[in-house]
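Secondary and tertiary structure notes
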Protein chains: 4
Amino acid sequence: MSDTSPAPLPHAAPERSTTRLEAFSDGVFAIAITLLVLEIRLPPEAEIEHLGGLSAALLALWPSYAGYATSFVTVGIMWANHHEVIRLMSRVDHGLMVWNLLLLMAISFTPFPTAVMAEHLPQPGWDRNVAVAFYCGSFTLTAFFYNLLWRHAARGRRLIHADVSDARVRAITRAYAPGTVIYGLATATALVSVPVALALVAGLAVFYILPRRGALTA
Amino acid sequence: MSDTSPAPLPHAAPERSTTRLEAFSDGVFAIAITLLVLEIRLPPEAEIEHLGGLSAALLALWPSYAGYATSFVTVGIMWANHHEVIRLMSRVDHGLMVWNLLLLMAISFTPFPTAVMAEHLPQPGWDRNVAVAFYCGSFTLTAFFYNLLWRHAARGRRLIHADVSDARVRAITRAYAPGTVIYGLATATALVSVPVALALVAGLAVFYILPRRGALTA
Amino acid sequence: MSDTSPAPLPHAAPERSTTRLEAFSDGVFAIAITLLVLEIRLPPEAEIEHLGGLSAALLALWPSYAGYATSFVTVGIMWANHHEVIRLMSRVDHGLMVWNLLLLMAISFTPFPTAVMAEHLPQPGWDRNVAVAFYCGSFTLTAFFYNLLWRHAARGRRLIHADVSDARVRAITRAYAPGTVIYGLATATALVSVPVALALVAGLAVFYILPRRGALTA
Amino acid sequence: MSDTSPAPLPHAAPERSTTRLEAFSDGVFAIAITLLVLEIRLPPEAEIEHLGGLSAALLALWPSYAGYATSFVTVGIMWANHHEVIRLMSRVDHGLMVWNLLLLMAISFTPFPTAVMAEHLPQPGWDRNVAVAFYCGSFTLTAFFYNLLWRHAARGRRLIHADVSDARVRAITRAYAPGTVIYGLATATALVSVPVALALVAGLAVFYILPRRGALTA
C-alpha cells in the first residue's frame, strides 16, 4: 500500500507493492473484454436482404455470439485467476512487471483472433481450421505467459507472502500447468477437427464456471 | 478490504472482499457506456449530399442519438443499482463471480443492439420490429442476470451483510423482479408496435432518473 | 469512504460517499479521451497516391490532429474541474447521480463531433460551418450539464462540505457560469465565421492550461 | 490522500495529492495499450484468397503483430516509469497537471502511428520511410513530454518528496534525458534506413525488459 498511503515513505521501500500493478492489469482486462463487442457487425444492407431480412442476418451471426461468449468467459476467468495469484504475493519485482506485461499483451490481443474465428466458422474448408487454430493458439500463448508469471513468483517463494503455505504454492503450480497443454492440444486438434477443438475450449470455460470448482475459487 | 490492506493477511480470509469485483465491474460498465459513441457514424459523403448537406445528415441521425441516450441512461442506472446491491454484501463467492461475469457479458453487449436498432429505426417494415425487439431483448437478458445475481446473494442471506435488515432484502427482491418482466414485455410488444415498445424502455429510464424515485436511491 | 472501509457499516449511511462516483466518472473521462484517436484514419491507398504520397497524406490530416488536441485538452480540463468540484462535496444524492450521468453522456459523445469537424474542416462551404457549430454545440451541452450539476450541489449548500466557505462556493458558481455562454457564443459564431469560433474554443483551452490560472487550480 | 481520506479536510489542503492523477493516468495508459489491437484487421475476403488463404493472410500481417508488440511493450514501460516518477512526488500543481495531460495526449496517439507503420512496412519505397519516421516521431514527442514533466517536478525539488535524495533526483534526470535523443535519432534514421530505425526502437524496448536493468526498476 506504500504508494497510496498517507504516510510519506513510499520510496523507502526497495520493492513495490502489488496495488498499482493490480489496478493497471484490471483496467487492461476490463477493456479487452469490453472491446470484444466491437468485432460483432451486421453485414451490409444488400447481404441482409439476400439472407432474407434482419432476423435471418442476426441469427447468421451465431458464430460471433458464440465467440463473444467464449472469449468473454475465458478472459473473465483469467482475470479472476490473476486476482487470486497476485493476492498471494507480498511484493513486485522487475521480472513480475515484465511477465505481467507480456501476459496483458496476450490478453489484449484476444479480440482479433475472436473476430477471425467468428468470420470463418460458418464456411467449411481449410480456412475454418486455420481460424480456430489461430483462436486456440492465442489462448495457448496466454496460458503460457500465465505459467511463466506464476513460476517466476513461486521459484524459491521469491515473491510469495510468508503466510502462504508451501502446499498451497505447489497446488497452484499443479493447477495451472495443464492450461497451456490443453489449449495447445486444442490448437493442434483444430487443424483436424474444428468441433473437437471448440469443445475443448468451451468445455474448459464451462468447467471453470460450474459451481464450486476450479480456479475461480482456487 | 483484505487485498488492499497494508496488514498482510489477505489469504487468511477464506472468501474475498467485494473491492476488486467492484473495481473490475466499474471498469466494464464505464467502457461499455463509452463505446456506445463509436456506433454513431456519418453516412458516406455521397449520401450526405443526397440528403441535402451535413445539417440534414446530422438531423437524420436522430435514431442514433436517441439510442445512444437511452442506452447510456439505462446502463448508467444499472451501474448505480449494481453499486447499491454489491454494497449490501459482505463477501464474494464463486457463484457471485460467475453471475457477475454473465451480467457484465450482457452489459458489454449493449453497443451492438443499440447500433442495430438505430440503423433500422428510420425504415418502416418488419426489420424495424426485429431490430427493436433485439434491442429490448438484450436488456431483458441483462435484467434477468441481475435478478439471478441478486437472488444468489440473497438466498438464505448467503452473502448479505449482517447489518442489512430482512425487510430491506425483501424490498430489493421485489423492486428488481419487475425489470425482467417489463423488458420481456417490451421485447414481445416490439414485434407488434415499435412506438409502444420504445415508450416502455425509455419510460423506464425516465422513471428511474426522476427526482427521488426508484432504484437509483434504493 | 463507507464503501471501501473495512468497518462494515456502509449501508447504515443513508447517503453515499463520493468515492465510487469519482471512480466511475474517472473511467468514463479516461476512455472518452482515449477513444478520440480512433477517429483519425488515413484515406484509402488510392487517395494517398493522389495526394502525392504518405507524407502529404499525413500532413493533410492536420484538421484531425487539431481536433484531437483541442478535444483532448478540453476534456482533460473538464476532468480536472470535475475532480475539484466533487472534492467539495460530502455526499452524493439521487440528483447528483443523475446530473453526473447526463454530464458523462455529453463528455462521451465528444469523439463523434470531433470526427465530424475534422472531416469537414478542409472543405470550404456551409457544411464546414455546420460541422464546427456541431462541435461547439457539443461542448455547450457539456458546459450546461456542468453548471446544472454544480448548481444542484451548491443550492442551499445541499451537498457541500461544511469546511468549504460560502465565498468559495460563490466563486465557483461565478467561474463556471461563463462556460456555457462562451461555448454557446462559439456555436452561433461558427455559422458566420469558422476561424473566430475555433479561436474561441482553442483559446479557452489554452487559457486554462496557461501557468497558474483558471479552473485547473480553482 | 486527502481526497479519499475519511477525515473531511480535503479542501483545506492548498495542493492536491497524486492519487487521482495516478488513477486517471493509469486509465489512459491501460486504454491506449488495449486499443492497439483494433488496428489489426484482416484484408477483405478477395485479398485473402489472392494471398493464398487465411494462413497466408495471417502470416502477411506480421508487421501488425510486430508493431503491436513494440508499441505495447514501449507504452507498458512508459506506464511503469510514470508510476515510479509520480511516486517520488508529494503533491500535484497546475504545471504537473498540464504536462501530464500533454504526455497522456502523446501516449493516447500511439495506436494511429502504429497502424500507419504496420500498413506501410511491407511496401518498399519512400512511404515506408515516412511511416517509420512518423512512428518514431510519435515516441520522440512522448519522451519529450516525459522529460518536461519530470523537469517541472524536479526543478528546485518543486514537487519532490523530502525523503528522496538529491542524488536520486539527478540520477533520474540523467536516466530520462537520452530517451528523447534516441527516439529523435531513430526518427531521422528512418528516412535513410528503416531497419536501423526499427532496431533502435525495438532494442530500447528489449533493453528495458531485460532482467534487472533500466527504468522499470529505477
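Residues numbered from 1 in each chain as written. Chains lettered and ligands numbered in written order. Predicted model: local features only at pLDDT ≥ 70, side-chain atom pairs only at ≥ 80, totals over all residues. Heavy atoms only, no water.

1. Overview of the pattern of salt bridges
All told, the structure shown has 16 salt bridges over all chains when counted by the stated rule. Between Asp-166 of chain B and Arg-157 of chain B there is a salt bridge; the shortest N-O distance is 2.5 Å. Asp-166 of chain B gets classed as partly exposed once you look at its relative accessible area, which sits at 42%. We classify Arg-157 of chain B as partly exposed; its relative accessible area is 25%. The closest approach of N and O atoms between Glu-84 of chain D and Arg-87 of chain D, which form a salt bridge, is 3.2 Å. Here Glu-84 of chain D pairs with Arg-87 of chain D, and both are found in helix 4 (residues 62-87), just 3 residues apart, close to one helical turn. (Salt bridge = Lys/Arg side-chain N within 4 Å of Asp/Glu carboxyl O. Buried < 20%, exposed > 50% of the residue type's maximum accessible area, 1.4 Å probe, protein only. Helix = DSSP H or I, 4+ residues; strand = E, 2+ residues; numbered from the N terminus.)

2. Looking at helix 7 (residues 126-154) of chain C
Since the α-helix advances by 3.6 residues per turn, residues separated by three or four positions end up pointing in the same direction. Residues and elements named next belong to chain C. Helix length check: helix 7 (29 residues) gives 41 Å between terminal C-alpha atoms against 42 Å at 1.5 Å per residue, within 8%. By the criterion of burial, helix 7 is predominantly enclosed, with 22 of the 29 residues buried. Among the residues trailing helix 7, Gly-156 stands out with phi positive, at a value near 60°. (Expected span 1.5 Å × (residues − 1).)

3. Quick word on the interface of chain B and chain A
In this assembly, 41 residues from chain B lie in contact with 47 residues from chain A. Interface area for chain B against chain A, summed over the two sides, is near 3700 Å², with a carbon-plus-sulfur share of 69%. Between the two partners, chain B and chain A, sit 2 salt bridges. Its salt-bridge partner being Arg-20 of chain B, residue Asp-26 of chain A comes within 2.1 Å of it at the nearest N-O pair. Applying the counting criterion to the chain B and chain A interface returns 5 residue pairs in polar contact (both at pLDDT 80 or more). (Contact = heavy atoms within 4.5 Å. Buried area = accessible area lost by both parts, 1.4 Å probe. Polar contact = N/O pair within 3.5 Å; in protein donor to acceptor, adjacent residues only side chain to side chain.)

4. So, the packing of helix 5 (residues 94-109) of chain D against helix 7 (residues 126-154) of chain D
Residue and element names in this part refer to chain D. At a closest axis distance of 9 Å, the pairing of helix 5 and helix 7 adopts a crossing angle of 165°. What the angle tells us is that helix 5 and helix 7 run roughly antiparallel. Handedness of the helix 5/helix 7 crossing: left-handed. Touching Gly-95, Leu-96, Trp-99, Asn-100, Leu-102, Leu-103, Ala-106, Ile-107 and Phe-109 of helix 5 are Phe-134, Leu-141, Thr-142, Phe-145, Tyr-146, Leu-148, Leu-149, His-152 and Ala-153, all from helix 7. Classifying every residue of the contact of helix 5 with helix 7 gives 14 nonpolar, 4 polar and no charged. (Axes fitted to C-alpha atoms, helices over the stretch in contact; angles between N-to-C directions. Parallel < 35°, antiparallel > 145°, perpendicular 65-115°, else oblique. Left-handed = near helix turned anticlockwise from the far one by under 90°. Nonpolar A, V, L, I, M, F, W, Y, C, P; charged D, E, K, R; others polar.)

5. Things to note about the relation of the copies chain B and chain A
Here the second copy of the chain follows from the first by a rotation about an axis and a shift along it. Expressed as a screw operation, the relation of chain B to chain A combines 0.0 Å of axial shift with a rotation of 90°, fitting to an RMSD of 0.0 Å. Those values place the two copies in the arrangement expected of a four-fold rotation axis. Take the interface residues of chain B: only 7% of them recur as interface residues in chain A, which is what a contact between different surfaces looks like. (Least-squares fit on C-alpha atoms with pLDDT ≥ 70 in both.)

6. Brief notes about the relation of the copies chain C and chain D
Of the two same-sequence chains, chain C is brought onto chain D (RMSD 0.0 Å, axial shift 0.0 Å) by a rotation of 90°. Of the residues that chain C buries at the interface, just 6% are likewise interface residues in chain D, meaning the two copies contact each other through different surfaces.

7. Quick notes on the packing of aromatic side chains
Aromatic ring pairs: the centre-centre distance and the angle between the two ring planes describe each pair. Inspection of the entire model under this criterion finds 44 aromatic pairs over all chains. When the ring of Phe-112 of chain B is compared with that of Phe-134 of chain B, the centres are 5.8 Å apart and the planes differ by 85°; the resulting orientation is edge-to-face. Remark: Phe-134 of chain B occurs in helix 7 (residues 126-154) and Phe-112 of chain B occurs in helix 6 (residues 111-120); sequence separation between them is 22 residues. The residues Phe-112 of chain B and Phe-134 of chain B share a single accessibility class, namely buried. Ring plane angle 75° and centroid distance 6.2 Å describe the contact between Phe-109 of chain D and Phe-134 of chain D, whose orientation is recorded as edge-to-face. Taken together, the residues Phe-109 of chain D in helix 5 and Phe-134 of chain D in helix 7 connect sequence positions 25 residues apart. (Phe/Tyr/Trp six-rings, centres within 6.5 Å; stacked < 30°, edge-to-face > 60°.)

8. Points about the side chain of Asp-127 of chain C
By the element assignment, Asp-127 of chain C lies in helix 7. Salt bridges are absent for the buried Asp-127 of chain C, whose nearest opposite-charge side chain, Arg-128 of chain C, sits at 11 Å. Beyond its immediate stretch of four places on either side in the chain, Asp-127 of chain C contacts Ile-48, Gly-53 and Leu-54 of chain B together with His-120 of chain C. (Lys, Arg positive; Asp, Glu negative; His and termini not counted.)

9. Section: unusual backbone geometry
The residue Arg-157 of chain A is not glycine, and still its phi comes out positive at about 55°. Along the chain, Arg-157 of chain A turns up in the loop between helix 7 (126-154) and helix 8 (166-190).

10. Brief notes about the interface of chain C and chain D
Accessible area lost upon the coming together of the parts is a frequently used measure of interface size. In this assembly, 47 residues from chain C lie in contact with 43 residues from chain D. Interface of chain C and chain D: buried area, both sides summed, is about 3800 Å²; carbon and sulfur atoms make up 69% of it. Run the count over chain C and chain D and you get 2 salt bridges. Linking chain C to chain D there are 5 residue pairs in polar contact (both at pLDDT 80 or more). Those elements that provide at least two residues to the side of chain C that touches chain D are helix 1 (19-35), helix 2 (45-51), helix 3 (54-60), helix 4 (62-87) and helix 9 (194-209) of chain C. Per-element accounting of the side of chain C that touches chain D gives the leading share, 13 residues, to helix 4 of chain C. Its residues assigned to classes, the side of chain C that touches chain D shows 29 nonpolar, 8 polar and 10 charged.

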